[in-house]
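# Fold and geometry: a report
Here's the letter readout for the chains.
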Amino acid sequence: MFVPLTILDFLHRAERVYGARVGVIDEPQQPAPSLGALTYARVGELARAQAAGLDALGIGFGERVAIVSQNAARLLVSFFGVAGHGRTLVPINFRLSPHEIDYIVGHAGASLLLVDPELDAALADVKCARRLVLGAETDALLYRDQAPLAWTPDEGATATINYTSGTTARPKGVQLTHRNLWLNATTFALHAGVNDRDVYLHTLPMFHCNGWGMPFALAGLGAAQHVLRKIDGAEILRRVERHGITLMCAAPAVCNAVLAAAASWPGPPPGRGRVRVICAGAPPPTRTIERIEAELGWEFMQIYGLTETSPLLTINRRRAEWDPLDPRERAEKLGRAGAPALGVELRVDEHGEVLARSNVVLAGYWREPEASAAALADDWFHTGDGGYLDDEGYLVISDRKKDVIISGGENISSIEVEDVLCSHPAVAEVAVIGVPDDRWGETVKALVVLAPGQQASEAELIAHCRERLAHYKCPTSVELRDELARTATGKLQKFKLRAPYWQGRAKAVN
Ligand code: AMP
């Protein structure tokens, strides 16, 4: 009587209602031959052929399939082919170092690793029982022209595991169920007004929390989705002009890159009155919002959430009563994280931490029972973000309780960077903090106490990190100190160390 809420539902509806429509347009410029323009009927065929390929490779239901790929139609199809057919997809951030990716593939216990051809050589040392490079030669293995084994749809099954950097030295695997993803995608679509006239541009890395659910929402509602492989401001504008884009998602740093490109665009930038841009990942500067509305004429929306919440928790979209406001005031209203989305309850505890309750909260952290128990302990999910609900019931994120730096919308665990710096023989003590940065919102700064009699230059310490960590996680500056502020029990006082760099600002996050 009840239909299980699985992500396959979105594909089935796309095939049934919009089968003849071109739904997915692959990136034309990529090392693997482009899949070109795919109707939703074809996307469905490819997904089933991929599931049959997994059957033939002996990958059983419930096993993990890791994928490291820049945005590509093959990655999009894998959401349906792998996760939609009873396996768990583990989409991995392609910017991570080979060492970090090796850890994730091992920790997830993946039986198969799918790799973007451009990344294959760099990832040669990543260990996995089986590995296939995405593209023409292995398509024959990965896509089989036969019916796949029938998976009994189960909304409680883990659809994806998304690794995210948090408060621990190692990334944790966020287990999201089909039900989580289904509810996130439908509520997101409802709030953002996704419809069959929409032409979406994948400006957000799809590995990032399932592209915020967009691959599912757009398919189910018959919208077209263009794949963008390399995120670049001018290229985004060119695609907006060429393909009549109406919708995209972007971190504040990407919004700023688009604005910078628009400044040198010959003539009025494209998409005025047509494009809606959904921004999240970090708090967008009010000035950015104002400029998007004024200089581009695009509608600005903000959402707030975490990988752990699939991600949608709040949404802020222009309301009718804000129409008469002057642009600056409106931008300030839109600068708040937003009002709770349907199905979300929010509260701020006595420490100022934002807590959430919803059906989009993760099932647990993969193979981390203690972390899972802690995250789900008292029936409220602890976001680690500091904030308040204002008199309109809108959430404002003003601080961060967790030891995480957000640069260009990507989370960086301070502890992970500290661990790497401590492995340098000249380093005695280290504190890694986020400091404001005009381009990236925040950037990584290391405060280092050298061991007695030891020498190490800033450049040397940064190079040490670059060999071991993804570039975006590496400090952009290192300051040598005689000592670091600590509590009586010896705990680093990060808020004291951060304070001088954030002085005079309304918020302690960017
Ligand atoms: P991730 O799990 O990578 O999606 O990162 C989640 C974190 O990004 C949150 O805990 C926040 O710290 C931050 N974040 C996401 N959206 C917003 C937003 N609209 N405003 C402020 N911070 C945000």
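Definitions and cut-offs
- Residues numbered from 1 in each chain as written.
- Predicted model: local features only at pLDDT ≥ 70, side-chain atom pairs only at ≥ 80, totals over all residues.
- Heavy atoms only, no water.
- Helix = DSSP H or I, 4+ residues; strand = E, 2+ residues; numbered from the N terminus.
- Rg over C-alpha atoms; globule rule 2.2 N^0.38 Å.
- Buried < 20%, exposed > 50% of the residue type's maximum accessible area, 1.4 Å probe, protein only.
- Domains from an automatic or database assignment.
- Near = heavy atom within 4 Å.
- Polar contact = N/O pair within 3.5 Å; in protein donor to acceptor, adjacent residues only side chain to side chain.
- Areas by Shrake-Rupley, 256 points an atom, 1.4 Å probe, with all protein chains shown as cover.
- Contact = heavy atoms within 4.5 Å.

In terms of helices and strands, the protein carries 16 helices and 25 strands. Since a compact globule built from 510 residues should have a radius of gyration of about 24 Å, the 23 Å found for the protein is in line with a globular shape. Dimensions of the protein, computed from C-alpha atoms along their principal axes, come out at roughly 65 × 60 × 50 Å. Counting over 510 residues, the protein shows a buried share of 59%.

Moving on, we get to the domain arrangement of the protein. Domains assigned within the protein are domain 1 (346–400) and domain 2 (404–502). Of note, the centres of domain 1 and domain 2, computed from C-alpha atoms alone, are 26 Å apart.

Near the ligand, the surroundings consist of 18 residues, among which Gln302, Ile303, Thr307, Asp385 and Lys402 are the closest. A distance of 2.8 Å separates a nitrogen atom of the ligand from a polar side-chain atom of Gln302. Between the ligand and Asn411 there is a distance of 3.0 Å, counted from an oxygen atom to a side-chain nitrogen or oxygen. Alone, the ligand offers 500 Å² of accessible surface; in the complex the protein occludes 96% of this.

Secondary-structure assignment places Ala83 in the loop between helix H3 (73–81) and strand E4 (88–92). Spatially, the C-alpha atoms of Ala83 and Arg64 are 9.1 Å apart, while their sequence positions differ by 19 residues. Not counting residues within four places of it along the chain, the set of residues in contact with Ala83 comprises Ile7, Ser78, Leu89, Ala159 and His178.

The next point concerns unusual backbone geometry. For the bond running from Ser310 to Pro311, omega is 15°, close enough to zero to count as cis. Tracing the backbone through its elements, the reader meets Pro311 in the loop between strand E13 (299–305) and strand E14 (312–317). Its identity is not glycine, yet Arg367 carries a phi of approximately 55°, on the positive side. For Arg367, the position within the fold is in the loop between strand E18 (364–365) and helix H13 (369–375). Under the relative-accessibility criterion, Arg367 is labelled partly exposed at 49%.

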